[in-house]
Every structure is written in structure tokens, then in C-alpha cells.
Amino acid sequence: MKIYRTKKATRRNKLEESKDYISYSQIDKKGTKTLRKDSSIAKCTFCKVYTIKFNLFLWSFGYFILILQTSNKPICMKPIIKLKKGLNLRLIGEAPLTLKQAAPSATYALQPTDFLGIVPRLQVKENDHVKIGDTLFADKETERIKFVAPVSGTVTSIVRGERRKLLRIIITPDAEQQEKAITPLDLDKDTPETVTEKLLETGLFAFLQQRPYAITASPKDTPKAIFVSAFSKMPLAADFSFVVKGQEAAFKAGLTVLSRLAKVHLGISPDQVGQDFVPTDGVDVNVFDGPNPSGNVGVQINHISPINKGDIVWTIGAEEVIFIGRYAQTGKLDFTRRIAVAGA
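Only a predicted model underlies this, so the values are computations on that prediction, with no experimental measurement involved.

A. Representation of the side chain of Asn 292 within the structure. Mapped onto the elements of the fold, Asn 292 is located in the loop between strand E13 (284–289) and helix H6 (297–304). The exposure class of Asn 292 is buried, given its relative accessible area of 14%. Beyond its immediate chain neighbours, meaning those up to four positions away, Asn 292 contacts Lys 85, Gly 86, Leu 87, Asn 88, Lys 233 and Met 234.

Following this line, the structure appears as C-alpha cells:
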């Protein structure tokens, strides 16, 4: 082994003579590459070997701990995304985890103002009879995005505001509900374009929102991904783990339909890991831990796949995913949802 006794070596000497040695301090504070004295050079190989062995030990130990922690639950392939900034507001009046059947409402209304970015074109008149799935109004720009009746009944009132702006369509429901005949989904044969057309025809596409701007998505666009958040840290918000009970298969089916259109990212909380509604394949599952707004889909987008210039992503609520899943399973429209009645 060659030993250099000079404090510094020329660049040529280092390239030609010191290839066999790897010094852990070849770069000084000024950025000049130097070689240690003979004692340091003699020890550098020793240090390297033991550093590698120590790193292998730490890696093996960490892998062993991971196996112990996940032996009784599915392994999460991604690390938990922890958020430190935020605040949980503990308000009195949180809804108890009990499910009650609400009495049918005397009237139902659909408001175009709930769907940002569209100009509605009315498709019905007062006293018209509509079935579940009949179009009430459509987007004036594309004529493809339809907004359908959630119940069958009679259109009793069309409310307009200033400059005849359409505010709401009020329907008095029938005693026995009637459904419009619609074409069911066939995921084994349907192409992404066919799936999009069927979602447009049934009015389910209107639940998709585009980011940026949080406006109603356009069927002309191709999104980079679709994001769904399965929990909320907002005060008095409904617990989705309780809401989805008994509807896990419909939720998974809805995610499968959305995965035909683009890559789907599902955000869950640490308490939801391993629950029945969480899919095991076909969807990118990410775990978020932290205070409010960790359940906000915009925050999740920023951590998973930030929106760059020219990018478009779609988002949809977890309960609306269940609507799509019911349609995929039964070929019928069912807009029934569970809400939290909360407050002090």
C-alpha cells in the first residue's frame, strides 16, 4: 500500500495514485480535495467497511420492526404523510354514531348554483312530470353535462332571481317512485369514452370537480388524476368510516369506474388503514395524519401530485363515489346519502 507523507497532493497524483483509497474527508471546507496523512489513509478502508456493516444492521433492524408492526394488518407500502400545521376545533354537539331513517321530504330541489362554472339551460317546465334520471337542466356550453331529477314527481316551481337567473327547481315527489330506463355499465367491455358518456347521460359526471378553480369538470379534458378523500377533520363532520358501513362494495365499485378514466388517488386517515372499504389494488392509497385540514383534498393533492402549469386534476366526494358504485352494481340511480345531524 502506497503512503503519501505530504499534506496535499496534486490533482494528477490523486487521480493516478489514490484510486485504491477512499477517504471520508477528501473535501475540506473550501471545497479543495485533499488526502489525509498516512495514518488517516491507512484507516479509511477500515472506516468504510464498518460504516457499511453498521448501515446494513440498521436496515435489517428497521425491516424487522416493520414486520412486527404489520403482522396483524395489511402492509402499507407508502409512509404516512404527517402534517403538523393546522388545528382541530373540538366543538360540542358531535353527531352520535347511530343510524336513523329520515322521513321522506315533502319537496326536493335542485340548485344550479351548487355547480360552479356552468350556465344552466332549463329542460323542463312547471307541472311537468319527471322520473328519477330525467334531465332538469344541462350545461349551456357543452350540452353534454346533464343534471337529473333525484326523485320522480311533479315540477311544482321554477324559482328565478335577478335577470331571470335560474336559482332552483322544486319537485313534489310521487308516492311511488319511478325510474328512467338507463344503460348499465359494463366495465369488461366499456372503453373510457363509453364510461364517460354513460356518466354524462345519468348525471353522475356532474359531481366531478376540476382543479384548479374547483369548477364542474369538463368531458373535453383529460385529467392527470382523480382524487378522493375518505375522511374530514372539519368540526362536526360526519365520520365516513361509519357512513360507508354496509356500502363498502359500492364504494369500491365506484373507485373502479373512476379508475377507467384516470389514475385514482384515495386519501385515508391512520384509523382507516385495513378497513373493508379501502381497496387493495387499482387505486393509489395514501395515509394522512395530522390536524385539520389534513382531510382536505386540496392539501392531499399538494402532497401527492402538485398541480403544475397546464395540469388538470379532478376531485369527487366520497359519498358521490358511492352513487357511481350503486349505478355500476345495479344499473339504477340512487342518490340516497347519509348526513350527520350535529350541533349544540
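B. Examining the nonpolar core more closely. In this structure, Leu 136, Phe 240, Phe 251 and Leu 258 are the most contacted members of the largest nonpolar core, which totals 59 residues. The element that contributes the greatest number of residues to this core is helix H7 (residues 318–330), accounting for six residues. By size, the runner-up hydrophobic cluster in this structure holds five residues, among which are Phe 227, Val 297, Ile 301 and Val 313.

C. Broad picture of the side chain of Gln 272. Tracing the chain through its elements places Gln 272 in the loop between strand E12 (264–268) and E13. We classify Gln 272 as buried; its relative accessible area is 2%. Side chain to side chain, Gln 272 and Ser 241 meet in a polar contact 3.1 Å long. If near-sequence neighbours (up to four positions away) are discounted, Gln 272 is found in contact with Ala 230, Phe 231, Phe 240, Ser 241, Phe 277 and Val 278.

D. Molecular detail of the pattern of salt bridges. Enumeration over the complete set of coordinates arrives at eight salt bridges. Put simply, Lys 198 and Asp 190 hold a salt bridge, and the shortest N to O gap is 2.9 Å. With a closest N to O distance of 3.8 Å, Asp 334 and Arg 326 form a salt bridge. Taken together, the salt bridges that share partners define one network made up of Lys 146, Lys 180 and Glu 201.

E. Structural view of a negative patch on the surface. A contiguous patch of negative charge on the surface is contributed by Glu 94, Asp 239, Asp 271 and Asp 289. Note that Asp 289 resides in strand E13. By relative accessible area, which is 33% here, Asp 289 ends up partly exposed.

F. Inspection of the confidence of the model for the protein at higher detail. Summary statistics for the protein give a mean pLDDT of 85 and a share of 77% for residues scoring 70 or more. Every residue in residues 14–50 scores below 50 in pLDDT, and together they form 43 contacts with partners more than four places removed in sequence or on other chains. Low pLDDT, under 50, characterises residues 63–77; the predicted model gives this stretch three contacts beyond four residues in sequence or across chains.

What counts, and at which threshold
- Residues numbered from 1 in each chain as written.
- Predicted model: local features only at pLDDT ≥ 70, side-chain atom pairs only at ≥ 80, totals over all residues.
- Heavy atoms only, no water.
- Helix = DSSP H or I, 4+ residues; strand = E, 2+ residues; numbered from the N terminus.
- Buried < 20%, exposed > 50% of the residue type's maximum accessible area, 1.4 Å probe, protein only.
- Contact = heavy atoms within 4.5 Å.
- Core = buried A, V, L, I, M, F, W, Y, C linked by side-chain atoms within 4.5 Å.
- Polar contact = N/O pair within 3.5 Å; in protein donor to acceptor, adjacent residues only side chain to side chain.
- Salt bridge = Lys/Arg side-chain N within 4 Å of Asp/Glu carboxyl O.
- Patch = residues over 30% accessible without salt bridge, like charges linked within 9 Å, V, L, I, M, F, W, Y side chains within 5 Å.
- Areas by Shrake-Rupley, 256 points an atom, 1.4 Å probe, with all protein chains shown as cover.
- Lys, Arg positive; Asp, Glu negative; His and termini not counted.
- Charge placed at Lys NZ, Arg CZ, Asp CG, Glu CD.
- pLDDT = per-residue confidence, 0-100.

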